[in-house]
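Structure assessment
Spelled out from the first residue to the last, the chains are:
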Amino acid sequence: MSQSTTVPRLQALRHAVHHVRPLAEGAFVLRLEKNGLEFEPGQYINVGPAGEVDMREYSVYSTPGDDYLEILVKEVEGGYVSSRLAACRPGDEVNVDGPFGFFVIEEEARHGKPLQFIATGTGISPFHSFARAYPELSYRVLHGTRYLSEQYETEAFDQERYLSCVTREEGGAFHGRVTDHLRQHPVDPESLCYLCGNCDMIYEAFDILKSQGVPPEHLFAEVYF
Amino acid sequence: MKYCLVHLGCQMNQSDAERIRTVLEGMGYERTEIEEEANLLGIVACSVRQKAIDKVYSRIHRWNTWKKKRDLLTFVSGCILPADREKFLTRFDLLFTINELPGLPDMIRQYGVVSAASVNGPASAHPAEPLIPEESKSDTARGYWHITPNYSSGFEAFVPIQNGCDKFCTFCAVPYTRGREVSRPSQEIFAEVRRLVENGYRSITLLGQNVNSYGLDRRSDEITFAQLLRGVGEIGNESGREFWVYFTSPHPHDMTDEVLEVIAAYPCLANQIHLPIQSGDDKVLIRMNRNYRMDGYRRVVQSIRRILPEATLFTDIIVGFTGETEEQFERTRQAMDEFRYNMAYIAAYSPRPGATSSRWADDVSQDEKKRRLHVLSEQLQKDSHALNTALVGKTVRVLVDGKDRKEGFLSGKTEGKLIVRFRSDDTSLIGQFVNVKLTHAATLSLTGELAAAQAVAAETNAQVAS
């Protein structure tokens, strides 16, 4: 089992907003002051409007070495927290609690072990942190989106290791869903597989990978609800 | 002046209530169970289910109507969701988290209440020690553990070893009500266990939301859970007394062979493991954010069977979790069949306010949940009966904990927490170990005959006196 080595803070703290970096299709990167928060790539934090009780979970998009904290947010229609975060201006404050979670890569797996990353939409966020924090990783990433414009800031990845699966327009490396790609291109059963995104994709990918001989103990999932 | 304290929910809340009582009685308040005659009314709240939260609102509504007729002070503590906290602040006079307990006397005094005795005065339940040591006021995360609890029982005690939770299971709101995992200093735990043993306690339960992640919040300066158990085991060996130590609840993710090997090495560490499975289906476990798969859980159970072959195995299960299909439920039933639990606490899923899963559709019908609950309950009864039947004819050690519902019988528990009843009206045996020859197995309990009771009672009494 993966085991995080960081310790969450005892309470949520306020972090100042540096900027909101718009991407596409209602997505944006929220950059915050780091405020001493220590985390491991793959972990998530709870973020919400300052002084309010509502918070939501976001995987950290930046790396521990950065002197700021970033999260990748997709504005959800009718979503209170995401719309409040979208409206943030430099100098505003948000509540940040954490870090939490066990979606981390253990030390021994970072050196030569084949890693298969599978993401949909903003589920690319923890992999963005992995790829930038651990340049030595032997990984391949499958990123499923509806449109090409939802492939956010892919320069963080080694382009030979990044494969886009696009469903609603041509132009991606693969036309179809990530699960279609997995069926047509079985993964190495020795791989450690990290899945992040919506629950339906994770359930489907879980069955496919198991049928391809990947033991369940080698499947790590972070579900975005 | 009198106080009445209501506690709802789990053993952790009971343990918190025991410390709150110490503070109130130290201030000179006299305990009453009758709300109508109390000047100070408090509640240790639980947020596990909406019903428990509703009870808090109902109580404070009633108490506030009494305020029109007489002077009354009210407070609330325990597991409180952020959204309820805001509302409670307007309804109760005082609201504090359990870590803020050392400041309770000052909070009460701010309301102009002059107590019958000073905080460290003669009314203190433990006059030999300062009621609220200075260090407890300065350490806002761990200070309240310095307060000696006013134990509810003279032979069974709960010892909290941590507070809070970092696991964020999607069905649970504890991380939002109790905050981050905070480990209690091991030396304090050892001191409390030693004191309990010296005072003749027979059953001690180490409490926490994830006991086996003990120490992980203070990696560089605190011992691990296995080391903590070893320390408790050494206290048992040094004391020469008979007592059983339990812990609840561990998380399968953090359960190691080392923990099991330590239990095997010390007689006072009880052969009973509570290992919540929650579901037997990998996908449901993912949705629950449980951070283990069935293969991993299976390996832990195999280790338990290998290292602790006499241990009883208990578990927690949720049926009808959001999205649980018939096929996924069937895997849970198969898991019960495979692991053959002595006891399982089976609950039909209900959304817990504040927990992540409360945002999802509760899409398994109530009738279907009831059916699944019934299926697993029947499985449990079958397994329990078979396991109990295999014990008939054996003589086992039993800690007597009270009168049985059946007239003329006492009831107690084995080291593995199996319920045993036997014919006796000698209430002096309550709180003592006795030997019972098992004669009959029932579902979830056993019946037996008292064997060599006088010798056992005399021996244990001598130990207490020495």
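Residues numbered from 1 in each chain as written. Chains lettered and ligands numbered in written order. Predicted model: local features only at pLDDT ≥ 70, side-chain atom pairs only at ≥ 80, totals over all residues. Heavy atoms only, no water.

**Structural notes on the sheet that holds strand β17 (residues 433-442) of chain B**
Residues and elements named next belong to chain B. In plain terms, the rule: A strand pair is defined by DSSP finding two or more bridges across the two strands. Helix and strand labels come from DSSP, where a helix needs a run of H or I of at least four residues and a strand needs a run of E of at least two; each type is numbered from the N terminus. Working convention: axes come from line fits to C-alpha atoms, limited for helices to the stretch in contact. Angles between N-to-C directions cover 0 to 180 degrees. Residues are treated as being in contact if the distance between any of their heavy atoms lies within 4.5 Å.
Ordered in space as β14-β15-β16-β18-β17, the five strands form a closed barrel in which the pairing is mixed. Pairs of neighbouring strands in the sheet enclose a mean axial angle of 55 degrees, with direction left out of account. Pairing geometry for strand β14 (residues 395-403) and strand β15 (residues 409-413), over four bridges, is antiparallel. Looking at the pairing, Gly402 lines up with Ser411 of β15. Docked against the sheet, helix α13 (residues 366-389) engages β17 and β18 (445-451), running at close to 125 degrees with respect to β17.

**Things to note about empty space enclosed by the protein**
Here is the rule we go by: For each structure, a 1 Å grid was placed over the protein atoms alone; sets of points admitting a 1.4 Å probe that cannot get out are labelled cavities, open sets with protein on both sides within 12 Å along at least five of seven lines are labelled pockets, and lining residues have an atom within 4 Å of a point. Grid points are joined across faces, edges and corners, and a volume is the space filled by probe spheres set on the points. Asp, Glu, Lys and Arg are counted as charged, while Ala, Val, Leu, Ile, Met, Phe, Trp, Tyr, Cys and Pro are counted as nonpolar; the rest, among them Gly, fall into the polar class.
As enumerated under the stated definition, the model contains six cavities of 30 Å³ or more in all. A volume near 250 Å³ is recorded for the largest cavity. Lining the largest cavity are 23 residues, and of these A:Phe102, A:Phe220, A:Ala221, B:Asn291 and B:Arg293 lie nearest its centre. If you list the elements that add at least two residues to the lining of the largest cavity, you get β12 (219-224) of chain A together with α10 (282-287) of chain B. The leading source of residues in the lining of the largest cavity is β12(A), at four residues. Broken down by class, the residue content of the lining of the largest cavity amounts to twelve nonpolar, five polar and six charged.

**As for helix α8 (residues 225-239) of chain B**
To be explicit about the condition: To estimate how far a helix should extend, the number of its residues minus one is multiplied by 1.5 Å. Each residue is assigned to one of three classes by its accessible area relative to the maximum for its type, calculated with a 1.4 Å probe on protein chains only: buried under 20%, partly exposed between the two thresholds, exposed over 50%.
Taking 1.5 Å per residue, 15 residues should reach 21 Å; α8(B) reaches 21 Å between its end C-alpha atoms and fits that length. Those residues of α8(B) that sit buried are B:Phe225, B:Ala226, B:Leu228, B:Leu229, B:Gly231, B:Val232, B:Gly233, B:Ile235 and B:Gly236.

**Quick word on the domain arrangement of chain A**
Residue and element names in this part refer to chain A. For clarity, the cut-off: Each domain span listed reflects an automatic or database assignment of domains. Throughout, buried area stands for the accessible area (probe radius 1.4 Å) lost by two parts on being put together, summed over both. A pair is scored as a salt bridge if a Lys or Arg side-chain nitrogen falls within 4 Å of a carboxyl oxygen belonging to Asp or Glu. Pairing of N or O atoms within 3.5 Å defines a polar contact, subject to two protein rules: one partner must be a possible hydrogen donor and the other a possible acceptor, and residues neighboring in sequence count only if both atoms are side-chain atoms.
Per the domain assignment, the segments making up chain A are domain 1 (13-100) and domain 2 (107-224). The centre of domain 1, based on its C-alpha atoms, is set 23 Å off from the matching centre of domain 2. For the pairing of domain 1 and domain 2, the buried interface totals around 1600 Å² over both sides, and the portion due to carbon and sulfur atoms is 51%. Counting the surface domain 1 buries against domain 2, the share from its top three residues, Pro41, Tyr61 and Leu72, is 35%. Our enumeration of links across domain 1 and domain 2 arrives at four salt bridges. Residue Glu150 pairs with Lys74 through a salt bridge whose shortest N-O separation is 3.6 Å. If you look at where domain 1 meets domain 2, you find seven residue pairs in polar contact (both at pLDDT 80 or more). The set of elements that each furnish at least two residues to the side of domain 1 that touches domain 2 consists of β2 (27-33) and β5 (68-74). Residue composition of the side of domain 1 that touches domain 2, by class: twelve nonpolar, four polar and five charged.

**A short note on the nonpolar core**
For the record, the criterion: Nonpolar core, defined: a set of buried Ala, Val, Leu, Ile, Met, Phe, Trp, Tyr and Cys residues in which side-chain atoms within 4.5 Å join the residues together.
Counting 58 residues, the largest nonpolar core has B:Leu206, B:Phe247 and B:Ile273 as its most contacted members. Excluding residues that lie within four positions of it along the chain, B:Ile273 makes contacts with B:Phe247, B:Met255, B:Leu260, B:Ile263, B:Ile304, B:Leu308, B:Thr312, B:Leu313 and B:Phe314.

**As for the side chain of B:His251**
All names here are of chain B. When you line up the elements, His251 lands in the loop between β10 (244-248) and α9 (257-265). Overall, His251 belongs to the buried group, its relative accessible area being 2%. Polar side-chain contacts of His251 include one of 3.0 Å to the backbone nitrogen of His253. A distance of 3.4 Å separates the side chain of His251 from the backbone oxygen of Arg290, its partner in a polar contact. The residues contacting His251, other than those within four sequence positions of it, are Lys167, Asn210, Asn212, Arg290 and Tyr292.

**Quick look at the pairing of strand β13 (residues 343-348) of chain B**
Residues and elements named next belong to chain B. Quick note on the threshold: Crossover handedness is defined here as right-handed if the route from the first strand over the helix to the second strand goes clockwise, with the strands pointing away from the viewer.
Pairing geometry for strand β12 (residues 312-319) and β13, over six bridges, is parallel. Note on β13: the bridge partner recorded for Ile317 is Ile346. For the crossover that starts at β12, traverses helix α12 (residues 326-339) and ends in the parallel β13, the hand is right-handed.

**Some thoughts on the packing of aromatic side chains**
Two numbers describe a pair of aromatic rings. These are the distance of the centres and the angle of the planes. Here is the rule we go by: Any two of the Phe, Tyr and Trp rings considered here, Trp counted by its six-membered ring, make a pair once their centres fall within 6.5 Å; the pair's planes then place it as stacked at under 30 degrees, edge-to-face at over 60, or tilted in between. The criterion for a charge sitting over a ring is simple: Lys NZ or Arg CZ within 6 Å of the ring centre, and within 35 degrees of the ring normal.
For the coordinates displayed, the defined rule picks out 30 aromatic pairs over all chains. Between the aromatic rings of A:Phe103 and A:Phe130, the centroid separation amounts to 6.1 Å while the plane-to-plane angle is 35 degrees, which identifies the pairing as tilted. In this pair, A:Phe103 is assigned in the loop between β6 (93-100) and β7 (115-120) and A:Phe130 in helix α2 (residues 125-133), connecting sequence segments 27 residues apart. Among the residues examined, A:Phe130 registers a relative accessible area of 0% and is labelled buried. Chaining the aromatic ring pairs together yields one cluster made of A:Phe103, A:Phe117, A:Phe127, A:Phe130, A:Tyr134, A:Tyr139, A:Phe157, A:Tyr162, A:Tyr194 and A:Phe220. In this structure, A:Arg161 packs its charged tip against the face of A:Tyr139, placed 5.4 Å from the ring centre. Taking the ring centre of B:Phe409 as reference, the NZ or CZ of B:Lys406 above it sits at 4.7 Å.

**A few points about the confidence of the model for chain B**
Residue and element names in this part refer to chain B. Defined as follows: Per residue, pLDDT captures the predictor's confidence, and it can take any value from 0 to 100.
On average, chain B scores 90 in pLDDT, and the residues at 70 or more come to 91%. Here residues 116-130 scores under 50 on pLDDT; set against residues more than four positions off or in separate chains, the count is 25 contacts. Below pLDDT 50 for its whole length, residues 454-466 participates in 18 contacts with residues either more than four positions away or in separate chains. Here the predicted complex scores 0.87 on pTM and 0.84 on ipTM.

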